[in-house]
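# Examining the three-dimensional arrangement
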Amino acid sequence: LSLFVFAKILETIEISKDILAYGDMISASVILSMGFYLLYMVLTDKIHLGQHIHNDGSEHIHIYFGKEHSHNGSVATTSAFTMGLLMGIGGVRGMLVTLGVLQGQVVDFTLVLAFTLGVMVIFVGFGVFILYINQNLLNSKQNVRRVFTTAGVVSLVVGSSFLVG
């Protein structure tokens, strides 16, 4: 419902291409910063892999950053909330840009619903991809470093191409 309200508001507001370009520059800068940070963590050996067996016999692998690892539930909850918040902000920003490009055209509930479903499909696909990586690739420190290096390099390439293009 809130996306539909945003769409209706944006339908009446004219957004200049300069503002849209400014948003793209900020997005590219964030993507570049994430890439640099991932590579920094790999190069400075800040990524660790811990493995243990719970009382019920299930094996458990943790990836943690820095010096110490804990099972503090509030940290995990905060991290999950932060990732969800960032993904939500990214989705709303994408919606705003998409609807900003469509300015002057009629925006109805069907368009907003299609956009919302598209974002959900992307997030679910991303979740399945991450699950596959977690189950099949993140079982050794070397593989963890490779995955983080790949993600960092991809972020640098994508962010740079946004800034250059």
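Residues numbered from 1 in each chain as written. Predicted model: local features only at pLDDT ≥ 70, side-chain atom pairs only at ≥ 80, totals over all residues. Heavy atoms only, no water.

## Looking at the pairing of strand E1 (residues 47-53)
Just so we agree on the cut-off: Two strands make a pair as long as DSSP finds a minimum of two bridges between them. A run of DSSP states H or I qualifies as a helix once it reaches four residues; a run of E qualifies as a strand once it reaches two. Both are numbered from the N-terminal end.
Strand direction decides the pairing type here: E1 and strand E2 (residues 59-65), joined by seven bridges, are antiparallel. In the sheet register, Ile47 faces E2, and the bridge partner there is Phe65. Count of turn residues in the E1/E2 antiparallel hairpin: five residues, of which Gly57 carries a positive phi of about 90°.

## Thoughts on the pattern of salt bridges
What counts is decided by this rule: Salt bridges are defined by distance alone: a side-chain nitrogen of Lys or Arg within 4 Å of a carboxyl oxygen of Asp or Glu. Exposure is judged per residue with a 1.4 Å probe applied to protein chains only, and the accessible area is read against the type maximum: over 50% gives exposed, under 20% gives buried, and values in between give partly exposed.
Inspection of every chain in the model, using the stated rule, returns two salt bridges. Close ionic contact of Asp45 with Lys141 constitutes a salt bridge, the shortest N to O distance being 3.0 Å. With a gap of 96 residues between them, Asp45 in the loop between helix H2 (17-43) and E1 and Lys141 in helix H5 (residues 141-164) connect regions that are remote in the sequence. Taking the relative accessible area as the measure of exposure, Asp45 reaches 36% and is therefore partly exposed. Note on Lys141: relative accessible area 32%, which makes it partly exposed. Of the charged contacts in the structure, one is a salt bridge between Arg145 and Asp45, with a shortest N-O distance of 3.5 Å. Of this pair, Arg145 sits in helix H5 while Asp45 sits in the loop between H2 and E1, placing them 100 residues apart in sequence. Given a relative accessible area of 29%, Arg145 falls into the partly exposed group. Overlapping salt bridges bring together Asp45, Lys141 and Arg145 as one network.

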